[in-house]
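# Per-entry structural report
Each chain, letter by letter, is given below.
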Amino acid sequence: MQQEKITGAQAVISALLCESVQTVFGYPGGAIMPIYDALYDKMDELNHILVRHEQGAIHAAQGFARVSGEVGVVFATSGPGATNLITGLADAYIDSTPVVCIIGQVTSKLLGTDAFQETDVIGISMPITKWNYQVTKASEIAPTIAKAFYLAKSGRPGPVVIDITKDAQFDQTTFDYKSCLNVRSYAPSPQPDLAGFIKAAELINKAKKPYLLIGQGIVLSKAEEELRQFVEKTGLPTASTLLGLGALPNNHANFCGMLGMHGDYAANVKTNECDVLIAIGMRFDDRVTGDVSRYAKQAKVIHIDIDAAELNKIIKAEVAIHADAKYALQTLMGLVEPKQHTHWLEEFRLGKDYEQTQLAKNKQLHDSTKIMMEDALKVLTELTGGEIVVVSDVGQHQMITARNYAYNKNNTNITSGGLGTMGFALPAAIGAKLGSPDQTVVAIAGDAGFQMNIQELGTIMQSDIGVKMIILNNSFLGMVRQWQQLFFEKRYSFTEMTNPNFVGIAQSYNIPGKKISEQTELREAIVELLEAPGAYLLEIIVEKEENVYPMIPTGASVSEVLLN
Amino acid sequence: MKEEFTLSVFTENSIGMLTRITNVFTRRHINLDSLTVSESEVKQVFKYTVVFKSTQEQIDKLIGQLERLVEVFKVFAHKNTEIIYQELALYKVKTDLLSNGAVEQIIRESQARILTVDREFIAIEKTGYIEEIESLFAKLSSFGILEFTRSGRVAINKAMIE
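Residues numbered from 1 in each chain as written. Chains lettered and ligands numbered in written order. Predicted model: local features only at pLDDT ≥ 70, side-chain atom pairs only at ≥ 80, totals over all residues. Heavy atoms only, no water.

Under an unreviewed UniProt entry, the name given to chain B is Acetolactate synthase small subunit, and the organism recorded is Myroides pelagicus. According to its UniProt record, chain B has this under Subunit (unreviewed entry): "Dimer of large and small chains." Taken from UniProt, the Function (unreviewed entry) comment for chain B reads in full: "Catalyzes the conversion of 2 pyruvate molecules into acetolactate in the first common step of the biosynthetic pathway of the branched-amino acids such as leucine, isoleucine, and valine." (UniProt positions renumbered as here; feature names shortened; annotations may be inferred.)

With an unreviewed UniProt entry as reference, chain A is termed Acetolactate synthase, source organism Myroides pelagicus. What UniProt records for chain A under Sequence similarities (unreviewed entry) is the sentence "Belongs to the TPP enzyme family." Looking at the Catalytic activity (unreviewed entry) heading of the UniProt record, one finds this comment for chain A: "2 pyruvate + H(+) = (2S)-2-acetolactate + CO2".

Turning our attention to a nonpolar patch on the surface. Together, B:Leu18, B:Leu35 and B:Val37 line one region of the surface with nonpolar side chains, adding up to about 220 Å² of accessible area. Relative to the assigned elements, B:Leu35 resides in strand 2 (residues 34–39). (Patch = residues over 30% accessible without salt bridge, like charges linked within 9 Å, V, L, I, M, F, W, Y side chains within 5 Å. Areas by Shrake-Rupley, 256 points an atom, 1.4 Å probe, with all protein chains shown as cover. Salt bridge = Lys/Arg side-chain N within 4 Å of Asp/Glu carboxyl O. Helix = DSSP H or I, 4+ residues; strand = E, 2+ residues; numbered from the N terminus.)

Turning to helix 4 (residues 130–141) of chain B, a few remarks are in order. All names here are of chain B. End to end, helix 4 covers 16 Å across 12 residues, agreeing with the expected 16 Å (1.5 Å per residue, within 8%). Every buried residue of helix 4 is listed here: Ile133, Leu136 and Leu140. End-on view of helix 4: buried residues confined to an arc of 60°, all on one side of the axis. The inward-facing, buried residues of helix 4 contact strand 5 (83–94), helix 3 (101–109), strand 7 (121–128) and strand 8 (147–150). (Expected span 1.5 Å × (residues − 1). Buried < 20%, exposed > 50% of the residue type's maximum accessible area, 1.4 Å probe, protein only. Arc of directions from axis to C-beta. Contact = heavy atoms within 4.5 Å.)

With that settled, the discussion passes to the nonpolar core. Residue and element names in this part refer to chain A. Within the largest apolar cluster, 63 residues are counted, with the highest numbers of intra-cluster contacts made by Leu212, Ile218, Leu227, Ile302, Leu472 and Ile540. Of the domains in this structure, domain 2 (194–348) and domain 3 (367–541) are the two that each give at least three residues to this core. Among residues more than four places away in sequence, those in contact with Leu472 are Met373, Ala376, Leu377, His397, Ile444, Ala445, Gly446, Asp447, Ile540 and Val542. By size, the runner-up hydrophobic cluster in this structure holds 49 residues, among which are Ala90, Val391, Ala428 and Ala506. (Core = buried A, V, L, I, M, F, W, Y, C linked by side-chain atoms within 4.5 Å. Domains from an automatic or database assignment.)

Residues and elements named next belong to chain A. Each assigned domain of chain A is listed here: domain 1 (5–174), domain 2 (194–348) and domain 3 (367–541). For domain 2 and domain 3, the distance between their C-alpha centroids amounts to 30 Å. The interface is formed by 18 residues belonging to domain 2 together with 18 residues belonging to domain 3. Across the salt bridge formed by Asp264 and Arg403, the nearest N and O atoms sit 3.4 Å from each other. Of the residues in the side of domain 2 that touches domain 3, the class split is eight nonpolar, six polar and four charged. (Nonpolar A, V, L, I, M, F, W, Y, C, P; charged D, E, K, R; others polar.)

Moving on to the interface of chain A and chain B. With 18 residues of chain A at the interface, the matching set in chain B holds 16 residues. Counting the surface lost from both chain A and chain B, the interface buries some 1400 Å², and carbon and sulfur atoms represent 52% of this. For the chain A face of the interface with chain B, the top three residues by lost area are A:Met126, A:Arg184 and A:Ser185, together amounting to 41%. Along the contact surface separating chain A from chain B lie three salt bridges. (Buried area = accessible area lost by both parts, 1.4 Å probe.)

Turning next to the UniProt feature "domain: ACT" (unreviewed entry) in chain B. As annotated by UniProt and renumbered to match this structure, "domain: ACT" (unreviewed entry) occupies residues 6–80 of chain B. Along residues 6–80 of chain B, the helical share is 31% and the strand share 41%, with 7 Å between the first and last C-alpha atoms.

What follows is about the domain arrangement of chain B. Segmentation of chain B into domains returns domain 1 (3–83) and domain 2 (86–152). If you average the C-alpha positions of domain 1 of chain B and of domain 2 of chain B, the two centres end up 31 Å apart.

Attention now moves to the packing of helix 1 (residues 8–18) of chain A against helix 2 (residues 33–40) of chain A. Angle between the axes and distance between the axes: these two values describe a pair of packed helices. Residues and elements named next belong to chain A. Contact geometry of helix 1 with helix 2 gives a least axis separation of 8 Å together with a crossing angle of 60°. On the basis of the axis angle, helix 1 is oblique to helix 2. Along this stretch, helix 1 crosses helix 2, giving a crossing that reads as right-handed. Here Ala9, Gln10, Val12 and Ile13 of helix 1 lie close against helix 2, whose contacting residues are Pro34, Ile35, Ala38 and Leu39. Tallied by class, the residues present in the contact of helix 1 with helix 2 amount to seven nonpolar, one polar and no charged. (Axes fitted to C-alpha atoms, helices over the stretch in contact; angles between N-to-C directions. Parallel < 35°, antiparallel > 145°, perpendicular 65-115°, else oblique. Left-handed = near helix turned anticlockwise from the far one by under 90°.)

Residue and element names in this part refer to chain A. In this fold, Glu539 is placed in strand 20 (residues 536–541). Notably, Glu539 is buried but unbridged: the nearest opposite-charge side chain belongs to Lys515, and the N-O separation is 4.2 Å. Not counting the four nearest positions on each side in its chain, Glu539 is found in contact with Ile471, Asn473, Phe502, Val503, Lys514, Lys515 and Ile516. (Lys, Arg positive; Asp, Glu negative; His and termini not counted.)

What follows is about the pattern of salt bridges. For the structure shown, the criterion picks out 42 salt bridges over all chains. Put simply, A:Lys544 and A:Glu496 hold a salt bridge, and the shortest N to O gap is 2.6 Å. Of this pair, A:Lys544 sits in the segment after strand 20 while A:Glu496 sits in the loop between helix 21 (478–487) and helix 22 (502–508); the two residues are 48 residues apart in sequence, bridging distant segments of the chain. The exposure class of A:Lys544 is partly exposed, given its relative accessible area of 38%. Take A:Glu496: its relative accessible area is 53%, and that puts it in the exposed class. In this structure, B:Glu87 and B:Arg150 form a salt bridge, with 2.6 Å as the shortest nitrogen-oxygen distance. Here the residue B:Glu87 occupies a position in strand 5, and B:Arg150 occupies one in strand 8, the gap between them amounting to 63 residues. When its relative accessible area of 35% is taken as the criterion, B:Arg150 is described as partly exposed.

Moving on: the environment of A:Asn499. Residue and element names in this part refer to chain A. Summarising the element assignment, Asn499 is placed in the loop between helix 21 and helix 22. For the pair Asn499 and Asp447, spaced 52 residues apart in sequence, the C-alpha separation works out to 7.4 Å. In contact with Asn499, not counting residues within four places along its chain, are Asp447, Gln451, Asn473 and Ser475. A distance of 2.9 Å separates the side chain of Asn499 from the side chain of Asp447, its partner in a polar contact. Here the side chain of Asn499 touches Asn473 through a polar contact of 3.4 Å, side chain to side chain. (Polar contact = N/O pair within 3.5 Å; in protein donor to acceptor, adjacent residues only side chain to side chain.)

Put into structure tokens, the structure is as follows:
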């Protein structure tokens, strides 16, 4: 019997359904029209969210992936459709987010001829994708999509681009979908030997002042429970990178705060006082380490990561273990002795008290009737118990959110870490809401970042997505202004913003909203935001020239924390 | 201290692989001295031989980042003492120079060989170290070289199995 044939475009849709994809974010155009035509017949099985700009599509897919642990899927057309994805690809690559982008391409005969809307997508996206591939035959579509999903989510996750020529979408092919389980040149699951774990456990067992640093690797390997057990058995003080927040609840007794430039005082300073530093699923980003020549020199470093290229890349490790975080924690659990580092933990607590006292002094300098950014986050934490999904943008409000919102639940912290992409929060929150419809999702953005993808309010309106939005408006590019104040003699070069009527804009999109500026209005306004039945925008006018502290200036050591 | 390293990068035979490999060097602002690509002893597994100056510390990081590429199987780094390596050069000179005994002597002494004798030119082939190839170039220069080309390095490991 001859096997039934379908078009390449139908093969794309069928392959996505075979991968159990339920949601796609996209924007149609000439070169991807056959795929959209095939989608027309499957609208009841595959939910397509029409965004307003392709950058919105990929950030939404990232938000979806981060909250759900599934692969985010994007459709875009050739040329400008594809190039509009580039920022999101770079963001997903540096933050290890599994995303598959299916992009239309001009017909294969026209490749390389500067045809209408032709761009060398493979060439452009090569350095910022985990893998990319150009499909020119309908028969390659199913195996390529299978491989893309496997690569995007296995090992250290990342974005994958599939560029499909228009003729491959039109052509007929047989369809027999087989999931990809292996790529011969690729080994995503490390097979670490026990020796490294034994050595690591010996160091941990003997240490007087051991200190655990965790990153997003814990979240990506779904090792939160193993982490909690490990921390409780070993008694290790534990601090997190920006993207690791939520992996250990903020209210856990061993949680000592956030690392890095705007991290917590004790969390940073103790890095240079511990005797054994254990880093799991984090990559010693320069925002975390400050000056590496003065970073944890006194400590024996144990570094565990799923990406071998991260080991010894920035910080030389005494014990480097190429392993998945979950496997590593399970293995170490059997080798470590139960301990309580009460005095050592107490030192962190004293550091925290010192920091609080100093920061309170900064606060006294401000008019108490006005709202500081941190006030909004503290109220949000009180009202939600730190158990909603918070998607932050990039800048001062991002650091203030990371510092003041208590992430007490896993997979609820979504922000652009490595790339620092302004404009990330609004579309990522749309994706997060679709990835976890039962959770409350709040996007927190500054006045500037919100405007970088403000067009996605249209997506919220059209697809009726219940995203809550808070704009912390200081009419400044606040983080740049802070640096201008501290390091460029207050020469505020192009950082002041003249802003539109945000609530009015939201209303144009049928999204209710409110603007407040007084401390007395804050709580009630956030209650209203949280209780609104659908999308809601709250604009909070905050102090214009508030600075984020603590701060480790660029090039300083983690011991040199400025508190005011 | 920088020294010369030869990297052997074993990959799938796929479109764009060359760019994927060179991107890793470009990102770190490394200029390559030589690059040779061919199928290896295993069918459909390609070998990139990359020569450049670097430090052991940087080499370790480069190996990690190259091996992270999905279509790279394995990367080996060697110092010059650990490999057997050669380059190949072709020189084109006028045929009438053959009547000059000095040129014939240079070719013999350099252990080069004549590949082709055309009515107007001869093609000389020399395989060896870069210094030997350059030395022959210098010797022939005074007689006039019409065209010259030199390959990248090819290398095999001195260890029995890589």
